[in-house]
Amino acid sequence: MLKGVQEGELPPPFRQFLAESGIDSRVYADAHLVRRYFRIRDDSDEVKAQWKQGSDGSRVPWAPSFVACNWDVEANSIRGFKTGKVAGMDVASAAAVWALDLHEGEKVLDLCCAPGGKLALIAEEIGEKGLAVGVDKSVHRLDTCKSLISKYGIKNVQLYVGDGTSVMSSELLSTSPLLFNRKLYAKRGGDDKARLLFDGQVKAGKGAGKKRGRKRKSEVASLPNGGRDCAEGDESAEASAGTLYFDKVLVDAECTHDGSIRHIVKMRDEKWKDMDKLIENSKGIDKLQYDLLKNGFATLKVGGRLVYSTCSMSKMQNERVVERFLEEDGKGRAELVACPRLDECPCVKVEEPTSYKFTPSASRTSFLFVAIFVKIAE
């Protein structure tokens, strides 16, 4: 059980941040309500037999593939965790993926994909005929993502190092996987181009992350077109056929993580040593979030669905970003919709703007904000 953080324990700068963000600081006192969750990827008898009602863990009624445990349960003590049959994942995080309403064979973009838990679930939901593309700016974080995907034996995933505020769908869904994509960093002189770090259908070379995503010559040769950019004519033909847009897009945006209850409890236990970083990261974060949402929407096909989510409780990072998008870039092009699957979950349903909030008191999870857009016009 997590020990709640009382208001008097919060450092003054954090209390000021919470007040300015319209966040009730009493939420952290509810930390004891938050459970530790594991996702069952392989419900074999070996895995199933270890779960018992009570402190050892129990199935989550509204998410049967998840087990809720106390925090004193060590992940490595769970049979199947080391082999990838069981995954550590907050059930609220899965809700962002459920909101996409995925179907087999779809092409899905996870614009801020590291560390990879949501991307793995996406890949499993769309099946081997689908394609899950993950983008992240951090090579280090993508290496973690690549290790997770490899551990799970998932093949229908490609990972790109790139800037989610500028990456274009035509560069991620061309005839051939792009080892060195064009245009993304033109403002930086092209020295830091986005590139394919990992393709689940091609065996990755050792030290790929350290070599900044480059593959061995033999591996590059095994890719269509030898990993070269496809011709402009090919891209134009594909674009006109609608193949260079994603069916679904997840923008699980970078945020201040103030709603990650376990994170705040850990900071308290470590004498708030990383609090200055949280406060600093809050400056201008809503602009980054808006740019991620705007660009993610640009990669989406008409009729497609985009999910915007954060683990911040700040309205500036959630409702205000959503409302601004509907008033500006999304005006006449996007509409918010509800999700029947989330309607069945124990969470807070918000009418205006249409959205969902998973909270410690309602859901027994860390906080997650979810808004679902449908693209109604280009």
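A short tour of the structure in this document, coming up. This structure is a prediction, so every number in the text was calculated from the model and none was measured.

If you walk across this open sheet you meet the four strands as β2-β3-β1-β4, and the pairing is antiparallel. Here the strands that pair on one side only, and so sit at the sheet edges, are β2 (58-60) and β4 (86-88). Going across the sheet, the axis of each strand differs from the next one's by a mean of 40°, ignoring polarity. Helix α3 (residues 91-98) contacts β1 (36-40) and β3 (63-69) of the sheet and is inclined by roughly 160° relative to β3.

Time to look at the packing of α3 against helix α4 (residues 117-126). Taken N-terminus to C-terminus, the directions of α3 and α4 make an angle of 45°; their axes are 10 Å apart at the nearest point. Viewed along their axes, α3 and α4 adopt a mutual orientation that is oblique. As for the relative orientation of α3 and α4, their crossing is right-handed in sense. Facing α3, whose interface residues are Ser93, Ala94, Ala96, Val97 and Trp98, α4 presents Lys118, Leu121 and Ile122. By residue class, the composition of the contact of α3 with α4 is six nonpolar, one polar and one charged.

Turning to the environment of methionine 89, a few remarks are in order. Residue position: methionine 89 is located in the loop between β4 and α3. The class of methionine 89 is buried, set by a relative accessible area of 8%. For methionine 89 and phenylalanine 66, which are 23 residues apart along the polypeptide, the C-alpha to C-alpha distance reads 8.6 Å.

Attention now goes to α3. Burial within α3 is extensive, with eight of its eight residues counted as buried. The backbone nitrogen of alanine 92 has a side-chain oxygen 2.9 Å away, supplied by the residue at the start of α3, namely aspartate 90.

Let us look at the side chain of serine 366. You can see serine 366 is positioned in the loop between α14 (360-363) and β14 (368-375). For serine 366, the side chain forms a polar contact with the main-chain nitrogen of isoleucine 261, separated by 3.2 Å. Excluding residues that lie within four positions of it along the chain, serine 366 makes contacts with Val34, Asp90, Ala92, Gly259, Ser260, Ile261, Arg262, Phe358 and Thr359.

Once the charged atoms of two side chains with opposite charge are near each other, the side chains can pair. Applying the stated criterion across every chain, the model contains 18 salt bridges. Residues arginine 268 and glutamate 9 are paired through a salt bridge, measuring 3.3 Å at the closest nitrogen-oxygen approach. Of this pair, arginine 268 sits in helix α9 (residues 261-269) while glutamate 9 sits in the segment before α1 (12-20), placing them 259 residues apart in sequence. Classification of glutamate 9 by relative accessible area gives partly exposed; the value is 31%. For the salt bridge of aspartate 247 with lysine 301, the shortest nitrogen-to-oxygen distance reads 2.8 Å. Linking aspartate 247 in strand β9 (residues 246-252) with lysine 301 in strand β10 (residues 300-310), this pair joins segments that are 54 residues apart in sequence. Judged by relative accessible area, which is 33%, lysine 301 ranks as partly exposed.

Of note, the bond from alanine 114 into proline 115 is cis; its omega dihedral lies within 30 degrees of zero at 10°. Backbone torsion omega between glutamate 352 and proline 353 reads -5°, so that peptide bond is classified as cis. In this structure, proline 353 sits in the loop between β12 (348-350) and β13 (355-358). Within the chain, lysine 271 stands out as a residue other than glycine whose phi angle is a positive 65°.

Looking now at the pairing of strand β7 (residues 157-161). Of all five residues in β7, five are buried; the element is thus mostly enclosed. The side-chain alternation of β7 yields two buried faces, one formed by Val157, Leu159 and Val161 and the other by Gln158 and Tyr160. The sheet contact formed by strand β6 (residues 131-136) and β7 spans five bridges and is parallel. Bridging across to β7, alanine 132 finds its partner in valine 157. The β-α-β motif built from β6, the intervening helix α5 (residues 139-152) and the parallel element β7 has right-handed crossover chirality. Summarising the sheet, β7 and strand β8 (residues 195-199) pair through four bridges and their orientation is antiparallel. Following the sheet pairing, tyrosine 160 is matched in β8 by leucine 196.

Attention now moves to the packing of aromatic side chains. Applying the stated rule across the entire model yields nine aromatic pairs. Centroid distance phenylalanine 297 to phenylalanine 325: 5.1 Å. Interplanar angle 70°. Geometry classified as edge-to-face. Here phenylalanine 297, found in helix α11 (residues 285-298), pairs with phenylalanine 325, found in helix α12 (residues 319-327); they are 28 residues apart in sequence, far enough to count as distant. Take phenylalanine 297: its relative accessible area is 0%, and that puts it in the buried class. Here phenylalanine 325 falls in the buried class, since its relative accessible area comes to 0%. Through a chain of ring-to-ring contacts, the aromatic side chains of Phe14, Phe17, Tyr28 and Trp272 assemble into a single cluster. Across the ring face of phenylalanine 81, the terminal group of lysine 151 is positioned such that the distance to the ring centre comes to 4.4 Å. Its guanidinium or amino end placed over the ring of phenylalanine 297, lysine 375 lies 5.0 Å from that ring's centre, counting from NZ or CZ.

A few words on the environment of proline 13. Along the chain, the position of proline 13 falls in helix α1. Through-space distance from the C-alpha of proline 13 to that of aspartate 276 is 8.3 Å; in sequence the pair is 263 residues apart.

With that settled, the discussion passes to the state of the cysteines. Within the structure shown, the criterion is met by zero disulfides. Of all cysteine sulfurs in the structure, the one in cysteine 255 sits closest to cysteine 311, which takes part in no disulfide; the separation is 3.4 Å. On the basis of relative accessibility, which here comes to 19%, the residue cysteine 311 falls in the buried class.

What counts and how
- Every chain is numbered independently, its residues counted from 1 as its sequence is written.
- This being a predicted model, a pLDDT of at least 70 is required before a residue's local features are given, and a value of 80 or more before pairs of side-chain atoms are given or counted; all residues contribute to the totals for chains, interfaces and linings.
- Excluding hydrogens and water, the side-chain figures rest on all heavy atoms present in the structure.
- When DSSP locates at least two bridges between a pair of strands, those strands are taken to pair.
- The way it works is that DSSP assigns letters per residue, a run of H or I at least four long becomes a helix, a run of E at least two long becomes a strand, and they are numbered from the N terminus.
- The convention used is that axes are lines fitted to C-alpha atoms, helices contributing only their stretch in contact, and that angles between N-to-C directions extend from 0 to 180 degrees.
- Throughout, a residue-residue contact means that at least one pair of heavy atoms, one from each residue, lies within 4.5 Å.
- Throughout, the term roughly parallel applies to angles under 35 degrees, roughly antiparallel to angles over 145, roughly perpendicular to angles from 65 to 115, and oblique to all others.
- Note on convention: the crossing is left-handed when the near helix lies turned anticlockwise from the far helix by less than a right angle, right-handed when the turn is clockwise.
- Here the nonpolar group is Ala, Val, Leu, Ile, Met, Phe, Trp, Tyr, Cys and Pro; Asp, Glu, Lys and Arg are the charged ones; every other residue, Gly included, is treated as polar.
- In this scheme, a residue with accessible area under 20% of its type's maximum is buried, one over 50% is exposed, and one in between is partly exposed, where area comes from a 1.4 Å probe on protein chains only.
- For this analysis, a polar contact is any N or O atom pair within 3.5 Å, provided that within protein one partner can donate a hydrogen and the other can accept it, and provided that sequence-adjacent residues contribute only side-chain to side-chain pairs.
- Whenever a carboxyl oxygen of Asp or Glu lies within 4 Å of a side-chain nitrogen of Lys or Arg, that contact is scored as a salt bridge.
- When the strands point away from the viewer and the path from the first strand over the helix to the second turns clockwise, the crossover is right-handed.
- Here is the rule: rings of Phe, Tyr and Trp (six-membered ring for Trp) pair when centre to centre is within 6.5 Å. Planes less than 30 degrees apart are stacked, more than 60 are edge-to-face, and the remainder are tilted.
- Think of it as a cone above the ring: NZ of Lys or CZ of Arg counts as a charge over the ring if it is within 6 Å of the ring centre and within 35 degrees of the ring normal.
- The criterion for a disulfide is a pair of cysteine sulfur atoms lying within 2.5 Å.

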